[in-house]
Amino acid sequence: MRTKLYVLSVTVLMVLLSLSCNKAKENIDILINADIIHYSVLFDVREATTGNVPEGLSVSAIGQDAGVVYDISGNKNLSMDGGLLTLGIDPHYDPQGGNPLKFSLKITGEGYATMIVPVTINEEQFHQVKNVKLLKLSNPPASVTVVNTNEALATNSTPAQPIVVSSPATTDVPEIVTVTVPAGTKFLDNSGTQINGNLLNLSVVNYNAQNSDNNDLFPGGTFAAEDVNGPNGQTISTYFTTAAVAKVTFTINGQEVKKFDQPISLLLEVNPSYKMAGTNDAVKVGDKLSIWSYSEDTGKWSYEKEGTVTLVNGKFVVEFTTNHLTYYSLNEYVETTSCSSPNLVFNASWLNVNTQPMVLQIWNSDGSKLLETNTVIVSNGLEYALNNLPSYAVSYKVLTTSGEQLAVGTIANPCSGGRLNVQVAAPAVPVVGVTLSLTVKCPNKGIVTPPDFYLYYKTAGAADATYKLLGVVKKGKLTTTLLQLGQRYDFKAQWGDHVKIIKNYLIDKNNLSTTVGLDDHIGDISPEKNRAILIEECSKI
Amino acid sequence: MKTMTKFIPLCIGVCITMLAKANIRPNASHPSKAQAIIDPSDVTGLRPATLGLSLGFQGIGIESYAFLGSRWQLHAGASYLPFQGSKNYLAFPSRAVSMNLNANIAQAHLLLDFDLFPNAYAETVQNIALSAGISYFVSAKGTAKMKLKDPYYYGDIQLSPDEVGELTAESNWKGFAPYVGLALNNLRISNRVGLNIGVGTFYLASPSVKLNGTNYLADNYQNQQQLKHNLDKYYRWMPSFQVTFNYSLINNIF
């Protein structure tokens, strides 16, 4: 009897509790934090010559860890809108200890030279910015020459006469590249099958290797290379010193030629100001430069052969033959396979709790050649893993985005890891900290903190090409020294495949809080689209 | 648990004290109604003091009754309910959770019964009383631990419910709670064993609420205010149904 009563009581209680649950959860929804992705990389892609945003680009992640790469909203299919793309790492595969993640972003587009940007993400390197310049073949910068020509082919789809194509010599690119195709050469695809047609399109892109403006256009955008097929067939990491680089492309009826049934000849002229890395002496006849090729399919470098500098018509040249087409480069190299990257520690107490994107330049030791340029979102005490260094001594400079130098120093042994303190001086312009807080009012969920995203800014009304990175909005907040009180700015944020622009926003106080909800249609997108974006993104959290 | 070790002896003490001070009253008009006694040898026409075990929505407990004279009866008691349950599907607007519920109710009460129909013809009707009084909930704590029922997809990235985290909602209505209800007292089972049935409701104190999430559920602290609002709005009236088996301290004749 008592047992039955107890069971009855408990049963009734459970029913009551169940009923009460429905009332207890009224107007409540489960919120899932939006900061699912911990590691992200922002790619900011602009045209090399104009700084404009290129349109119609295709992007894909390739390489060792490409399988764990998503866009920042967790989508596997990657797309680029407005020249911006933020990639994120599946949180199950965050980098641990000494095992950084490595992948590359391949960027292609009609009329653009393909760029494959290598990325290394170390533990606690949560945010990275990659500024990518794309070469528009129809509008190259002065430091690059492009020749594009058509040659008729015989009925057997081979040239009846030898074809000789040279890039033009200009003031900014005095050295040329000459390609010679013997008569009767068959043009083959990747599988070795002959491509038939009556017209051969030849494109030769010649980069002035001594001009630092072209650093970003070098394959991969860096002279450091990993997963390289070395001289003895081994896989190594290297750092190149480049004497000449050219991209040679043939197509027949739009199909790219990959191979030939007989060798063709390439001749690359070398600038006489080039100094041999080992001796620092100017290049001379008899010097050895190794010939490397770069695959636009895989983003990997391969050692081809050793070249010897000769003198032809008063020019230093290296001439060689090959049976396949791609990028070719004359390099000296140092192996960096067993190197450890040093960590730079930024001491900038004047920043207080603010952040500021800065330019970190790497120069050779005597400061005569710029090797690498990085954008770093600096906070006081930030540790930044400096990858992509050679094994020999280099110097560094830290600049504001407007070019004011804030720090300079040397890295005596970039190959041995360790921590290096960088004392960052306060800029001449008085520093004013401004905090932007952004929360989102999700339908039926209340106010939530948005996922981390990168925010751009420009003076209100200025050209779109002048947008600069303001920083990362972390947990809905960004504190920066780049905004001036009383000024109006245009802001741009990119999230997944959405780009949000807020124009003519007045910074009228140090602490600005904004909550965006269904009925708050700030920005330049139509209210209906704003609403759709908010509902779509809120459904994820 | 420490609270309970103090609570149980305290309640037993209250009951024994009540019994010791229990009144007696001659019941001339209704000799069938027993009276509490002082002298067990003189029981004719008296309603006895009783000590009993109770079972009900508030759990298992002890109960003592003392007749105060005329139509009034005082009873005091205490109960304790440890409860565990689970619910595999609880739908929120955008996703469902599974929930483990742990409730812990411990209360002591002091109630007055007033016989509503002492002159009714039917004996059962004579035993219907209005009950009212006060209760103190040493603990009225509910803890719900929730996890997503299904994997969560952030875009194409799948996270298991364990990875998403656990959400713990804790509420406690600790404090004084008035009670009102109806009682059906003194239903005889044997000479010394009777049955009391009580139905009523407590009006609980305003609950304290905590909402804590782990991992990716940490932002749910924002729901704490709404949860408290809901519990305040819908969950102050706590229904009570209690059956008490009484044992008369004398060999009673009702």
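Quantities reported herein were computed from a predicted structural model and do not represent experimental measurements.

Residue and element names in this part refer to chain A. Ordered by their spatial adjacency, 3 strands build an open sheet running S2-S5-S6, and the pairing between neighbours is antiparallel. Strands at the two margins of the open sheet, each flanked by one partner only, are strand S2 (57-62) and strand S6 (115-121). Each adjacent strand pair in this sheet contributes to an overall mean axis angle of 20 degrees, direction not counted. Direction of pairing for strand S5 (residues 101-109) relative to S6: antiparallel, over a ladder of 7 bridges. Across the sheet, residue Ser-104 finds its bridge partner in S6, namely Pro-118.

Topologically, Pro-93 of chain B is positioned in the loop between strand S3 (72-91) and strand S4 (96-115). In the structure, Pro-93 of chain B is positioned 99 residues away from Arg-192 of chain B in sequence and 56 Å away in space, judged by C-alpha atoms. Residue contacts for Pro-93 of chain B: discarding those within four places in its chain leaves Ile-28 and Asp-29 of chain A.

Here we take up the environment of Gln-84 of chain B. Residue and element names in this part refer to chain B. Relative to the helices and strands, Gln-84 is located in strand S3. Residue class for Gln-84 comes out exposed when judged on its relative accessible area of 65%. Along the primary structure Gln-84 and Asn-100 are separated by 16 residues, whereas in three dimensions their C-alpha atoms are 7.4 Å apart. Among residues more than four places away in sequence, those in contact with Gln-84 are Leu-101 and Asn-102.

The next point concerns the confidence of the model for chain B. For residues with low pLDDT, the predicted coordinates do not support detailed interpretation. Residues and elements named next belong to chain B. Averaged over all residues, the pLDDT of chain B is 82; the fraction at 70 or higher stands at 80%. Considering only residues more than four positions removed or in separate chains, one finds that residues 20-45, a stretch of pLDDT under 50, has 65 contacts. Model confidence for the complex is summarised by a pTM of 0.79, with the ipTM given as 0.80.

This part covers the packing of aromatic side chains. A full pass over the atoms with the stated rule returns 26 aromatic pairs over all chains. Pairing Phe-240 of chain A with Trp-292 of chain A gives two aromatic rings, centres 4.9 Å apart and planes at 65 degrees, and the pair type is edge-to-face. Taken together, the positions of Phe-240 of chain A in strand S14 (residues 235-252) and Trp-292 of chain A in strand S17 (residues 288-294) put the pair 52 residues apart, joining distant regions of the chain. For Phe-240 of chain A, a relative accessible area of 1% gives the class buried. Looking at Trp-292 of chain A, the relative accessible area reads 0%, which means it is buried. Counting every residue linked through ring pairs, the aromatic cluster contains Tyr-207, Phe-218, Phe-223, Tyr-239, Phe-240, Trp-292, Tyr-294, Trp-301, Tyr-303, Tyr-327, Tyr-333 and Tyr-392 of chain A. Here the guanidinium or amino end of Lys-25 of chain A rests over the ring plane of Phe-92 of chain B, the centre of that ring lying 5.6 Å away. Above the ring of Tyr-70 of chain A, the side-chain terminus of Lys-76 of chain A is found at 4.4 Å from the ring centroid.

The next point concerns the side chain of His-109 of chain B. Residues and elements named next belong to chain B. Structurally, His-109 is set in strand S4. Using a relative accessible area of 6% as the deciding quantity, one classes His-109 as buried. Discounting chain neighbours no more than four positions away, the residues touching His-109 are Glu-63, His-75, Ala-76, Gly-77, Ala-78, Ile-134, Ser-135 and Gln-242.

All names here are of chain A. Among the 8 residues that make up strand S34 (residues 488-495), 7 are buried, leaving the element largely enclosed by the rest of the structure. Both strand S31 (residues 453-459) and S34 contribute to a ladder of 5 bridges, which runs antiparallel. Looking at S34, one finds that Tyr-456 is bridged to Lys-492. Two elements, S34 and strand S35 (residues 498-506), share 7 bridges in a ladder whose sense is antiparallel. By the bridge assignment for S35, Phe-491 is matched with Ile-502.

Within the largest apolar cluster, 58 residues are counted, with the highest numbers of intra-cluster contacts made by Ile-32, Leu-436, Leu-455, Leu-470, Leu-483 and Phe-491 of chain A. Residue contributions to this core peak at 6 residues, all from S4 of chain B. With residues near it in sequence (within four places) discarded, Phe-491 of chain A still touches Leu-436, Leu-455, Tyr-456, Tyr-457, Tyr-467, Leu-470, Leu-483, Lys-500, Ile-501, Ile-502, Tyr-505 and Ile-507 of chain A. Of all hydrophobic cores here, the second largest spans 44 residues; its members include Leu-135, Leu-344, Tyr-396 and Ala-407 of chain A.

Rules behind the numbers
Residues numbered from 1 in each chain as written. Chains lettered and ligands numbered in written order. Predicted model: local features only at pLDDT ≥ 70, side-chain atom pairs only at ≥ 80, totals over all residues. Heavy atoms only, no water. Pairing = 2+ DSSP bridges. Helix = DSSP H or I, 4+ residues; strand = E, 2+ residues; numbered from the N terminus. Axes fitted to C-alpha atoms, helices over the stretch in contact; angles between N-to-C directions. Contact = heavy atoms within 4.5 Å. Buried < 20%, exposed > 50% of the residue type's maximum accessible area, 1.4 Å probe, protein only. pLDDT = per-residue confidence, 0-100. Phe/Tyr/Trp six-rings, centres within 6.5 Å; stacked < 30°, edge-to-face > 60°. Lys NZ or Arg CZ within 6 Å of the ring centre and 35° of its normal. Core = buried A, V, L, I, M, F, W, Y, C linked by side-chain atoms within 4.5 Å.

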